[in-house]
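# Architecture at a glance
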Number of protein chains: 4
Amino acid sequence: MIKVAVIGATGYAGAELVRILAGHPEASLVLITSRQYAGKPFDEIYPAMAGVVDLKCILFDADTVSETADFVFTALPHKVAMGVVPGLLERGAKVIDLSADFRFKDPAIYEQWYQPHESPSLLETATYGLPEINLELIQKSSLIGNPGCYPTSTILPLAPFMKENLIDLDSIIVDSKSGASGAGRSLSLTTHFCEVHEGFRAYKVAAHRHTPEMEEVLSNLAGRNVTITFTPHLVPMSRGMLTTIYADLSGDFSDDVVHDQLVSYYKDKPFVRVLASGRVPDTLHVRGTNYCDIGFQIDKRANRLILISVIDNLVKGASGQAVQNMNIMAGLPETAGLSACPFPV
Amino acid sequence: MIKVAVIGATGYAGAELVRILAGHPEASLVLITSRQYAGKPFDEIYPAMAGVVDLKCILFDADTVSETADFVFTALPHKVAMGVVPGLLERGAKVIDLSADFRFKDPAIYEQWYQPHESPSLLETATYGLPEINLELIQKSSLIGNPGCYPTSTILPLAPFMKENLIDLDSIIVDSKSGASGAGRSLSLTTHFCEVHEGFRAYKVAAHRHTPEMEEVLSNLAGRNVTITFTPHLVPMSRGMLTTIYADLSGDFSDDVVHDQLVSYYKDKPFVRVLASGRVPDTLHVRGTNYCDIGFQIDKRANRLILISVIDNLVKGASGQAVQNMNIMAGLPETAGLSACPFPV
Amino acid sequence: MIKVAVIGATGYAGAELVRILAGHPEASLVLITSRQYAGKPFDEIYPAMAGVVDLKCILFDADTVSETADFVFTALPHKVAMGVVPGLLERGAKVIDLSADFRFKDPAIYEQWYQPHESPSLLETATYGLPEINLELIQKSSLIGNPGCYPTSTILPLAPFMKENLIDLDSIIVDSKSGASGAGRSLSLTTHFCEVHEGFRAYKVAAHRHTPEMEEVLSNLAGRNVTITFTPHLVPMSRGMLTTIYADLSGDFSDDVVHDQLVSYYKDKPFVRVLASGRVPDTLHVRGTNYCDIGFQIDKRANRLILISVIDNLVKGASGQAVQNMNIMAGLPETAGLSACPFPV
Amino acid sequence: MIKVAVIGATGYAGAELVRILAGHPEASLVLITSRQYAGKPFDEIYPAMAGVVDLKCILFDADTVSETADFVFTALPHKVAMGVVPGLLERGAKVIDLSADFRFKDPAIYEQWYQPHESPSLLETATYGLPEINLELIQKSSLIGNPGCYPTSTILPLAPFMKENLIDLDSIIVDSKSGASGAGRSLSLTTHFCEVHEGFRAYKVAAHRHTPEMEEVLSNLAGRNVTITFTPHLVPMSRGMLTTIYADLSGDFSDDVVHDQLVSYYKDKPFVRVLASGRVPDTLHVRGTNYCDIGFQIDKRANRLILISVIDNLVKGASGQAVQNMNIMAGLPETAGLSACPFPV
């Protein structure tokens, strides 16, 4: 059994880590921290977990954490994470960071969209933790920048097309729709029940900070600069993210060409399910799981490719992917602790 | 007071017509029909309207209807409508048809996407009932093809840009999201509560029959052929539609240019609200009203225009627009019966 | 036209007052206040109302308010209201207060459940504004304590049975279910979207402050002391309240006896709809309206009466009822501004 | 590994059985049947389960089923079940039936509320499968009548009080609230999305067929006849059931007496969580799990006990409980396959 700690365990991503790790056959959750709830039993904050999780939240202390745990998940706000991670690494812990602080290779891009970076040198050694494209790097890494939810849902369907001259890389438009849990547990009028429940809206149109994250990864895959247009929307549901991607086809390709490209790219990947031609994904089908389902349609009239992906934003879009990264780093089966059967409804 | 009838009053669009007409200061609802519920009081089918609507559903009969009512709304399935409308027109009624049967100028397009048309000659005299672009034609018309919900939400934001060389007309992508009432009251697994409530999905991707309707109208506005890519999605809410439209800008235009174009195009239109730059529309803000709110954002990095519109699919997307058409045909104020204040939540 | 002001216009009850008054044929909304949003246009806080409500929020000042308006609605938190109302009354305004501060006759009960009362003498002159039972008092009153939402939904179905020896007055159990808008617009984890959306819970079980309000009114109606058990629950929806009431029958009464009692009690009341035997009310049927629908069932096996009522908690449960009170005080038709047709869905 | 079959696998209860069994460490799902979808792969009907469940639906045949499986779950409509179960038992299978057909001891009660019973003699040998009260009988049984969802949520909180003279057994009132999945996958206007989503209603008031099931079990526990009043309501959510129970206390008991009684009654029961005094259960906390959480409040003013329970109607209310029964019958740990950690949201 490997020993793991969750730093920032009482936000939604942290609590979802706790949930997944509580059922992990090869990992033992030994320590959880929370600034706001230090001293309280976890099941007082999340009564759902009474009888399942028997830990108290403590205040973060780098020595205690690194002495107790082999793997540390940091589920902290941007900027807070970069203040905590270097100390953990120095003490020998392996770290999977769920913030944006270690996702970028180029500190200039990070600083343009976020803030000054306090440990830019770590960006070189950090690995972008999208296992379907970075498996070998993750195996050897001590620091993972765990991908954002929108980037995960966008890069996975696009990755197979970044090098094959199947699509025009300057025509990519990404229209995403997310459930409200992506906004976290912090109170805000934008996630107040009555402001969300019977409405639908876009936000941060062409201005969301996940845009440069997608672009950096897609550019690396393409071997050239890729600029995209990205619009996120808020769906009145708790979990789930659907991303619709539009790109001009470079030629007159058939459904089979597109389908084969997706299937062959993901043939050994346990968490990507490529749907049969003509089937459309539904966030309901991946709820609570680490799956990313991908479907597509060719609009023959306009000769455009439409890719559609769905994930659970808290699982494959955050905590499930983080555990997948830990599994890979620890030499465990990639699916350990992540193979629960999806719910029918 | 003008006298009006609703044919097919017990579907959602029909019932919404009944609701609006019940509060109309210049129109009197005198007759409603329903095949399924003939003989039953309307408030037995819609108990919400007890004490407000005191009519019984009867079976449709062209003579009775045309003798009783000056204006007839036909809220019937496609194909059924075209069997009923000609008889009403012959008997002197003015007809506003909410099906697709009289929305197209070109019968070939209709027949390609729907079925053989039984009264193609009527297509010449029918007017596409989008008052913001066809006001004068509607004033003189006896037969209105009331627009579909997706076309209304798509054409209104795009119309101001179809002639001005501001956007590349070959680059238009329309990504729409609709509440479940758009699918009507007929039972289907796709609108069964548990299949919708906590999921989000696309459907009829690049294959929805509202596509040619949008294209015909946009082509007429542009004076050239316009082909678009259109993807509808189902939102787990009852009412509301948000449409996100992407188009490449033809030059390096500022926010002001786009905003001015929208404002000047709609300056006298009571139901279009152009939002200030940087504000995003929300379906919650138009729920139960005949408004179409339009916002926009320029993605300067990709030089694309993003237009976003919201409507209530049952009001501006169907029955409210139908009443707006009636008002115009009857010489009433365009807003008569349609000026209820929106709900805060 | 009478002139009205809304004090505390940006909470949900205040905004709902603004909505209703914006469409009122005999009242003109001339002034709105907000501490938090003073100086801002109302439609910046509620963009839904752009083009409909053209007022700026100002800071409260008793002189300005009473010079400008004939009727003042105070939609303020408990305790804050009692600091504001006396000054308005002194300056000659008629006041309808939506807080609990003027709902009780007995200051001791208020102080036991709330806090010390600063103007206990006003409790004598204030009228409990439930028009269906206090019509004549309201007509002559200058200060209305507008009822709480739970009390409205509980007292209306019970009132016809408080004097007739039909039920055992010591056996009354009230099980209520409310949408989230009842908790207002203030941020709280208990109304954070993801904490509400897919769950259902009770709260303040047998400890809610609406309990003594119900008991005082019911006791007055009965002419004896009435103690009830009351449990509120939170429904994952925005608007609507359903109350299920249980009481032992005093004899072997038929459905007709119960139905007749309800119908005769409410025969001239425009906003109470008594359903036919065997029909059950649904909050969907009263959404956005000032109706209270009442149904019942006799459990013959246990000889218990089950009464079920539904209201929209923001309308009949708050702002609609407040306007109904204003209409009565001003000698207007009771239904003025409140007769919008309910939505089919 | 024991071999199991699910008869009627494509309804919600059947599909939930498939989900749970797919993750069961000691059971292997070897056969599923469906009349409607015979010949189709299960993941075509439930795409969520692609890659997880690799079975085709077949038509039911008693010989095939009993030769293939040791344990058979019948998830069929009432009446259909009783035509199938006897043949399975004769062929040596152990059967857990999720319909009402084998829940009653007294065929007269079944026939009064349902229909004539074709195998009344089996009612003697069948065991009511509520493990918390019938553990030893279940261990020895070959036929389980798996409890209804409402009875499970009602009997569990009441059982500890049926013999101790703590409550007046003639005063029990049960007010239940259920998510829509309890109504199953069959299409109906009552579970059409727009008819449910923003409304709340009661149904089958004092007339639901789960009433006699509760009464028979409670009467057996009490050793005397118990009649209750039962009102079910429909909550606009997919999964979850909350039951609020009212009963007059027989004396002046403290919180500790009630709490101790609950805790001691359920001290060895892995799926019942008794909450600390003052805490209220939430369906969100048991979603997707086999837990029943129980809380309570004493209304000291009226001297009534209020018990509140929550379950997931598809798990502890149906399929999870069925698997719990199988575990007990097969001598497996009671929690096998049922110990997934609850979701935080």
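Residues numbered from 1 in each chain as written. Chains lettered and ligands numbered in written order. Predicted model: local features only at pLDDT ≥ 70, side-chain atom pairs only at ≥ 80, totals over all residues. Heavy atoms only, no water.

Take the overall build of chain A next. Helix and strand counts for chain A come out as twelve helices and 14 strands. For chain A, the C-alpha radius of gyration of 20 Å lies close to 20 Å, the compact-globule estimate for 345 residues. The proportion of buried residues among the 345 residues of chain A is 66%. A sequence separation of at least 24 residues applies to 70% of the contacts in chain A between residues at least 6 apart. Of the roughly 11100 Å² of accessible surface on chain A, 48% is carried by carbon and sulfur atoms. (Helix = DSSP H or I, 4+ residues; strand = E, 2+ residues; numbered from the N terminus. Rg over C-alpha atoms; globule rule 2.2 N^0.38 Å. Buried < 20%, exposed > 50% of the residue type's maximum accessible area, 1.4 Å probe, protein only. Contact = heavy atoms within 4.5 Å. Areas by Shrake-Rupley, 256 points an atom, 1.4 Å probe, with all protein chains shown as cover.)

Moving on to the side chain of A:Gln115. All names here are of chain A. Structurally, the position occupied by Gln115 is in the loop between α5 (107–113) and α6 (122–125). Side-chain polar atoms of Gln115 contact the side chain of Tyr110, separated by 2.8 Å. Ignoring any residue separated from it by four or fewer positions in sequence, one finds Gln115 in contact with His78, Lys79, Met82, Asp101 and Tyr110. (Polar contact = N/O pair within 3.5 Å; in protein donor to acceptor, adjacent residues only side chain to side chain.)

Listed as interface residues are 45 residues of chain C and, on the opposing side, 45 residues of chain D. When the two sides are added together, the surface that chain C and chain D hide from each other amounts to roughly 3800 Å², 58% of it contributed by carbon and sulfur. The tally of links between chain C and chain D comes to eight salt bridges. A salt bridge links D:Glu215 to C:Arg301; its shortest N-O distance comes to 2.2 Å. The interface formed by chain C and chain D holds 24 residue pairs in polar contact (both at pLDDT 80 or more) in total. (Buried area = accessible area lost by both parts, 1.4 Å probe. Salt bridge = Lys/Arg side-chain N within 4 Å of Asp/Glu carboxyl O.)

Under the definition given, this model contains five cavities of 30 Å³ or more. Reported here for the largest cavity is a volume of approximately 90 Å³. Forming the walls of the largest cavity are A:Arg239, A:Arg287, A:Gly288, A:Phe343, A:Val345, D:Arg239, D:Arg287, D:Gly288, D:Phe343 and D:Val345. Class assignment for the residues of the lining of the largest cavity results in four nonpolar, two polar and four charged. What the second largest cavity holds in volume is close to 70 Å³. Together, B:Arg239, B:Arg287, B:Phe343, C:Arg239, C:Arg287, C:Gly288, C:Phe343 and C:Val345 line the second largest cavity. (1 Å grid on protein atoms, 1.4 Å probe; cavity = no way out; pocket = protein on both sides within 12 Å on 5 of 7 lines; lining within 4 Å. Points joined across faces, edges and corners; volume = space filled by probe spheres on them. Nonpolar A, V, L, I, M, F, W, Y, C, P; charged D, E, K, R; others polar.)

Below, the discussion takes up the relation of the copies chain B and chain A. With an RMSD of 0.0 Å, chain B superimposes on chain A once it is rotated by 180° and translated 0.0 Å along the axis. Classification of the inter-copy transformation places it as that of a two-fold axis. (Least-squares fit on C-alpha atoms with pLDDT ≥ 70 in both.)

This part is about the pairing of strand β14 (residues 304–311) of chain A. Residues and elements named next belong to chain A. Counted residue by residue, β14 has eight buried out of eight residues, so it is predominantly covered. Pairing of strand β11 (residues 241–248) with β14, which is carried by eight bridges, proceeds in the antiparallel orientation. Its bridge partner lying in β14, Thr243 is registered against Ser309. Between strand β13 (residues 292–299) and β14, which pair antiparallel one after the other, the connecting turn spans four residues, and Asn303 there sits at a positive phi close to 50°. (Pairing = 2+ DSSP bridges.)

With that settled, the discussion passes to the interface of chain B and chain A. Between chain B and chain A, the residue contacts involve 46 residues of the former and 45 residues of the latter. Across the chain B to chain A interface the summed buried area is about 3800 Å²; carbon plus sulfur atoms make up 58%. Run the count over chain B and chain A and you get eight salt bridges. In this structure, B:Asp175 engages A:Lys177 in a salt bridge whose closest nitrogen and oxygen atoms are separated by 3.1 Å. At the junction of chain B with chain A, the criterion picks out 23 residue pairs in polar contact (both at pLDDT 80 or more). Among the elements of the structure, β8 (173–178), α9 (193–196), β9 (201–202), α10 (210–222), β10 (229–234), β11 (241–248), β13 (292–299) and β14 (304–311) of chain B are those that each provide at least two residues to the side of chain B that touches chain A. Across the side of chain B that touches chain A, the residue classes tally to 23 nonpolar, ten polar and 13 charged.

With that settled, consider the packing of aromatic side chains. Enumeration according to the criterion identifies 34 aromatic pairs over all chains in this entry. An angle of 10° between the planes, with centres 4.8 Å apart, marks the rings of B:Tyr110 and B:Tyr114 as stacked. Exposure remark for B:Tyr114: the relative accessible area of 11% places this residue in the buried category. The structure contains a cluster of three or more aromatic residues connected by ring pairs, namely A:Phe104, A:Tyr110 and A:Tyr114. (Phe/Tyr/Trp six-rings, centres within 6.5 Å; stacked < 30°, edge-to-face > 60°.)

Counted by the stated rule, this structure contains 72 salt bridges over all chains. With its nearest N and O atoms 2.9 Å apart, the salt bridge here joins C:Lys316 to C:Glu132. Separated by 184 residues along the polypeptide, C:Lys316 in helix α12 (residues 315–329) and C:Glu132 in helix α7 (residues 131–139) bring together distant segments of the chain. Accessibility assignment for this pair places C:Lys316 and C:Glu132 in one class, buried. Between D:Arg103 and D:Glu213 there is a salt bridge, and its shortest N-O distance comes to 2.9 Å. With a gap of 110 residues between them, D:Arg103 in the loop between β5 (94–97) and α5 (107–113) and D:Glu213 in helix α10 (residues 210–222) connect regions that are remote in the sequence. We classify D:Arg103 as buried; its relative accessible area is 6%. Salt bridges here are not isolated pairs; linked through shared partners, they connect A:Glu16, A:Arg19, A:Arg239 and A:Asp312.

Here we take up the domain arrangement of chain A. For an interface, size is often stated in terms of accessible area lost upon the parts coming together. Residue and element names in this part refer to chain A. When the domains of chain A are assigned, the result is domain 1 (2–125) and domain 2 (150–313). Inter-centroid distance (C-alpha atoms) of domain 1 to domain 2 is 27 Å. Of the roughly 1300 Å² buried between domain 1 and domain 2 on both sides combined, carbon and sulfur atoms contribute 52%. In terms of surface lost to domain 2, no three residues of domain 1 exceed Tyr12, Arg103 and Trp113, which account for 46% of the buried area on that side. Inspection of the domain 1/domain 2 interface yields two salt bridges. Seen at the junction of domain 1 and domain 2, the total is seven residue pairs in polar contact (both at pLDDT 80 or more). Secondary structure elements with two or more residues in the side of domain 1 that touches domain 2: α1 (12–22) and α5. Per-element tally for the side of domain 1 that touches domain 2: the top contributor is α1, with three residues. (Domains from an automatic or database assignment.)

Residues and elements named next belong to chain C. The strand order across the open sheet built from seven strands is β9-β10-β8-β11-β14-β13-β12, with neighbouring strands paired in mixed fashion. Strand pairing shows two members of the sheet lacking a second neighbour, β9 (201–202) and β12 (272–274), which therefore form its edges. Relative to strand β13 (residues 292–299), β12 runs parallel, the two sharing three bridges. Following the sheet pairing, Val274 is matched in β13 by Ile294. The strands touched by helix α11 (residues 255–265) within the sheet are β12, β13 and β14 (304–311), with β13 carrying the most contacts at an inclination of about 160°. (Axes fitted to C-alpha atoms, helices over the stretch in contact; angles between N-to-C directions.)

Residues and elements named next belong to chain D. For strand β8 (residues 173–178), the tally of buried residues reaches six of six residues, placing the bulk of the element in the interior. Residues Ile173, Asp175 and Lys177 point to one face of β8 and Val174, Ser176 and Ser178 to the other, with burial holding for every one of them. Of the strand pairs in this sheet, β8 and strand β10 (residues 229–234) are connected by six bridges, and their pairing is parallel. Bridge assignment links Ile173 to a residue of β10, and that residue is Thr229. Where β8 lies against strand β11 (residues 241–248), six bridges are found, and the strand directions are antiparallel.

All names here are of chain B. Its 13 residues give α10 an end-to-end C-alpha distance of 18 Å, which sits within 8% of 18 Å, the value for a rise of 1.5 Å per residue. Where burial is concerned, most of α10 is hidden: twelve out of the 13 residues are buried. Buried within α10 are the following residues: His210, Thr211, Pro212, Glu213, Met214, Glu215, Glu216, Val217, Leu218, Ser219, Leu221 and Ala222. Buried residues in α10 make contact with α5 (107–113), β6 (127–128), α7 (131–139), α8 (149–158), β10 and α11 (255–265). Of the residues one or two after α10, Gly223 is the one with positive phi, at around 75°. (Expected span 1.5 Å × (residues − 1).)

What follows concerns the sheet that holds strand β7 (residues 143–145) of chain A. Residues and elements named next belong to chain A. One open sheet accounts for seven strands, arranged β3-β2-β1-β4-β5-β7-β6; its pairing is parallel. The two strands at the open ends of the sheet, each matched to only one other strand, are β3 (57–58) and β6 (127–128). Where strand β1 (residues 2–7) and strand β2 (residues 27–33) come together, six bridges link them in parallel fashion. Each residue of the ladder has a partner; that of Val4, found in β2, is Leu29.

Once that is clear, we can look at the packing of helix α1 (residues 12–22) of chain C against α12(C). Residues and elements named next belong to chain C. At a minimum axis separation of 9 Å, α1 and α12 run at an interaxial angle of 50°. Here α1 is positioned oblique relative to α12, judged by the angle of their axes. The two elements α1 and α12 meet at a crossing, and its hand is right-handed. Across the interface between the two elements, Ala13, Glu16, Leu17, Arg19, Ile20 and Leu21 from α1 touch Val315, Ser319, Gly320, Ala322, Val323 and Met326 from α12. Classifying every residue of the contact of α1 with α12 gives eight nonpolar, two polar and two charged. (Parallel < 35°, antiparallel > 145°, perpendicular 65-115°, else oblique. Left-handed = near helix turned anticlockwise from the far one by under 90°.)

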